[in-house]
Amino acid sequence: MGAGGRMSAPSNAKKTEAEALRRAPHEKPPFTIGDLKKAIPAHCFEKSLVTSFRYLIQDLLMAYALYYVATNYIDQYLPHPLNYVGWAAYIAVQGCVLTGAWVVGHECDHDAFSDYGWVNDLVGLVVHSSLLVPYFSWKISHRRHHANTQSLENDEVYVPRFKANIRNYYKIMNNPPGRVLVWLITLLIGFPLYLMFNVSGHKYERWTSHYDPHSPLYTERERKQIIVSDLAILAVIYGLYNLVLAKGFVWVFCVYGGPLLVVNGWFTLITILNHTHPSLPYYDSSEWDWLRGALCTVDRDYGILNKVFHNVCNAHVCHHIFSMIPHYHGLEATEAMKPVLGDYYQYDGTPILKAMYREMKECIYVEKDEGETKGVYWYRKEF
């Protein structure tokens, strides 16, 4: 174990694919949230303002170092067309680093950054707005997702389809080239479309957007926070506009826009793969309860990126059960819970590219098993 509770990869990382695909238990678990909390060392629930800022500053310093190297050396020392390769490498690596900063901002959503609410909101507002994410708007809808995970009626995002709702174009795209194309589109513009138009989100009776203070996503009391989020986004956009005037669109895209697309892609991929898996059930209101829903997530292995992403991918089960635990205690808390969770703990070490293709192929819609009377639904692929 390293500093801050970081640990090695999960002990069951060598699970076979057949074991990883075995259906998760869907009955009410024989343990309570209290049992899980007792199993976790008390210090895992402690938040350190210094440690949280250390991780944020570490990410920002790395991002600045990459920016400095890219803007001072790529075009100067790499001949055309090798400079294109240099910029592509910068965009890919910078996007990963900024995804780590995104995760630290996400800690603020859950008040896991510090014990001070105003610090959490200030840091979260700055970090998320800098990455064109409306902080308070996202915080509110994301917490609603945590409160209703795997509920067919009430989950806020990545709500699965029923077979009757599958449109013809989806059937046409249900082939290898189509699946690759759907993934590319999803990773490129999926998150912005969700924020702007609620694509893949919970269905409301009228038009819904994270930028609309009067959206049905929010209560009357929350509307001022949405306005603050919108103003912060407009301030960043205004800054980018002036930067384009000063430096040109290509420069701004290479330095900022390209890495931002990578951030959005990683965030979309991470959240989809943590919640979409052939082994995970969904519940209707007759069966759903909070703990069973929170257990229906799966930890994934992104290799060296686990550390870059502050273990949001491989300690996601813990995050959904105890979202107030800081990321630097996530792995230790996960290991402590495993003996209590037993078969309710889900981990899949399938290589990410393979998992992406498999989940796109296997997880098309949900329905009950034949003859099943309980409100438990599983992913299907047969049309």
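Residues numbered from 1 in each chain as written. Predicted model: local features only at pLDDT ≥ 70, side-chain atom pairs only at ≥ 80, totals over all residues. Heavy atoms only, no water.

> Looking at this model, I keep getting lost on the overall build of the protein. Mind explaining?
Regarding its fold elements, the protein presents 15 helices and five strands. Its C-alpha radius of gyration of 21 Å places the protein within 12% of the 21 Å reference for a compact globule of 383 residues. Judged by the C-alpha coordinates and their principal axes, the protein covers about 65 × 50 × 50 Å. Seen as two clouds, the 35 positive and the 36 negative side-chain charges of the protein have centres 2 Å apart. (Helix = DSSP H or I, 4+ residues; strand = E, 2+ residues; numbered from the N terminus. Rg over C-alpha atoms; globule rule 2.2 N^0.38 Å. Lys, Arg positive; Asp, Glu negative; His and termini not counted. Charge placed at Lys NZ, Arg CZ, Asp CG, Glu CD.)

> Would you explain the UniProt feature "transmembrane region" (unreviewed entry) in the protein in this entry?
UniProt's entry tags residues 86–104, 116–136, 180–197, 226–244 and 250–273 with the feature "transmembrane region" (unreviewed entry), counted in the numbering of this structure. Secondary structure within residues 116–136 divides into 76% helix and 0% strand; the distance between the first and last C-alpha atoms comes to 16 Å. Taken as a whole, residues 180–197 contains 100% helix and 0% strand, while its terminal C-alpha atoms sit 23 Å from one another. (UniProt positions renumbered as here; feature names shortened; annotations may be inferred.)

> It is not clear to me how the UniProt feature "domain: Fatty acid desaturase" (unreviewed entry) in the protein should be interpreted in this structure. Could you clarify?
Within this numbering scheme, the UniProt entry marks residues 86–346 as carrying the feature "domain: Fatty acid desaturase" (unreviewed entry). Annotated as residues 86–346, this span is 60% helix and 2% strand, and its ends, taken at the C-alpha atoms, are 39 Å apart.

> Can you help me understand the layout of surface pockets in this one?
Regions of empty space are outlined by a rolling probe, equal in size to a water molecule, passed over the atoms. Its boundaries defined by the atoms lining it, the largest pocket holds a volume of some 1,500 Å³. Y158, V159, R161, V199 and S200 are the residues nearest the centre of the largest pocket, which is lined by 48 residues in total. Of all the secondary structure elements, the ones that give two or more residues to the lining of the largest pocket are α4 (82–109), α6 (135–147), α7 (168–172), α8 (176–197), α10 (249–275) and α15 (352–362). The element best represented in the lining of the largest pocket is α8, accounting for 10 residues. Tallied by class, residues from the lining of the largest pocket come to 29 nonpolar, 15 polar and four charged. (1 Å grid on protein atoms, 1.4 Å probe; cavity = no way out; pocket = protein on both sides within 12 Å on 5 of 7 lines; lining within 4 Å. Points joined across faces, edges and corners; volume = space filled by probe spheres on them. Nonpolar A, V, L, I, M, F, W, Y, C, P; charged D, E, K, R; others polar.)

> How should I be thinking about the side chain of T268 in this particular structure?
Secondary-structure assignment places T268 in helix α10. Apart from the residues within four sequence positions on either side, T268 is in contact with Y158, T186, L187 and F191. (Contact = heavy atoms within 4.5 Å.)

> Honestly, the pattern of salt bridges in this entry has me stumped. Any pointers?
One side chain can pair with another of opposite charge once the charged atoms of both are near each other. Counting across every chain of the model gives 17 salt bridges. Here D121 ties to K139 by a salt bridge, and the two come within 2.8 Å at their closest N and O atoms. Highlighted residues: D121 in helix α5 (residues 117–130) and K139 in helix α6, separated in sequence by 18 residues. The salt bridge involving R358 is made with E359; its shortest N-O contact spans 2.7 Å. R358 gets classed as buried once you look at its relative accessible area, which sits at 9%. By relative accessible area, which is 3% here, E359 ends up buried. Residues participating in the shared-partner salt-bridge network are R23, E367, D369 and R380. (Salt bridge = Lys/Arg side-chain N within 4 Å of Asp/Glu carboxyl O. Buried < 20%, exposed > 50% of the residue type's maximum accessible area, 1.4 Å probe, protein only.)

> Can you help me understand empty space enclosed by the protein in this one?
Inspection of the entire model under this criterion finds three cavities of 30 Å³ or more. In this structure, the largest cavity spans a volume of roughly 130 Å³. Residue lining of the largest cavity: 14 residues in total, with E107, N311, A315, H319 and H327 positioned closest to the centre. Broken down by secondary-structure element, the contributors of at least two residues to the lining of the largest cavity are α4 and α13 (316–321). Here the lining of the largest cavity takes three residues from α4, the largest share from any one element.

> Before we go on, may I ask you to explain the packing of α4 against α6 in this structure?
Helix packing for two helices is described by the angle between their axes and how far apart those axes are. Relative to each other, α4 and α6 sit at 70°, their axes nearing to 10 Å. For the element pair α4 / α6, the angle class is roughly perpendicular. Between α4 and α6 the crossing geometry is right-handed. Taken together, the residues of α6 that come into contact with α4 (itself represented by W102, G105, H106, C108 and D109) are Y135, W138, K139, H142 and R143. (Axes fitted to C-alpha atoms, helices over the stretch in contact; angles between N-to-C directions. Parallel < 35°, antiparallel > 145°, perpendicular 65-115°, else oblique. Left-handed = near helix turned anticlockwise from the far one by under 90°.)

> Please clarify how the pairing of strand β5 (residues 376–380) should be interpreted in this entry.
On a regular strand, one side chain projects to one face of the sheet and the next to the other, so that they alternate. A large share of β5 lies buried, amounting to five of its five residues. Of the strand pairs in this sheet, strand β4 (residues 365–367) and β5 are connected by three bridges, and their pairing is antiparallel. Counterpart to E367 in the pairing with β5 is W378. (Pairing = 2+ DSSP bridges.)

> I'm lost on the nonpolar core in this one. Help?
Buried together is how nonpolar side chains tend to be arranged in soluble globular proteins. The biggest cluster of nonpolar side chains holds 22 residues, and the ones touching the most others in it are W87, Y90, W102, W138, F191 and Y194. Elements represented by at least two residues in this core include exactly α3 (49–77), α4, α8 and α10. The element that contributes the greatest number of residues to this core is α4, accounting for six residues. Dropping the residues within four chain positions of it, Y90 is found in contact with L66, Y67, A70, I74, G95, C254, V255 and P259. (Core = buried A, V, L, I, M, F, W, Y, C linked by side-chain atoms within 4.5 Å.)

> I tried to follow the packing of aromatic side chains on my own but got confused; where do I start?
As enumerated under the stated definition, the model contains 24 aromatic pairs in all. Residues Y67 and W251 carry aromatic rings whose centres are separated by 6.4 Å and whose planes lie at 90° to one another, so their mutual orientation is edge-to-face. Of the two residues, Y67 is situated in helix α3 and W251 in helix α10; the sequence distance between them amounts to 184 residues. Judged by its relative accessible area of 23%, W251 falls in the partly exposed class. Ring geometry for Y135 against F136: centres 4.8 Å apart, planes inclined by 65°, an arrangement best described as edge-to-face. With relative accessibility at 10%, the residue F136 sits in the buried group. Positioned over the ring face of W378 is R23, at 4.2 Å from the centre of the ring. The ring of Y55 has R54 sitting right over it, with the charged end atom 4.8 Å from the ring centre. (Phe/Tyr/Trp six-rings, centres within 6.5 Å; stacked < 30°, edge-to-face > 60°. Lys NZ or Arg CZ within 6 Å of the ring centre and 35° of its normal.)

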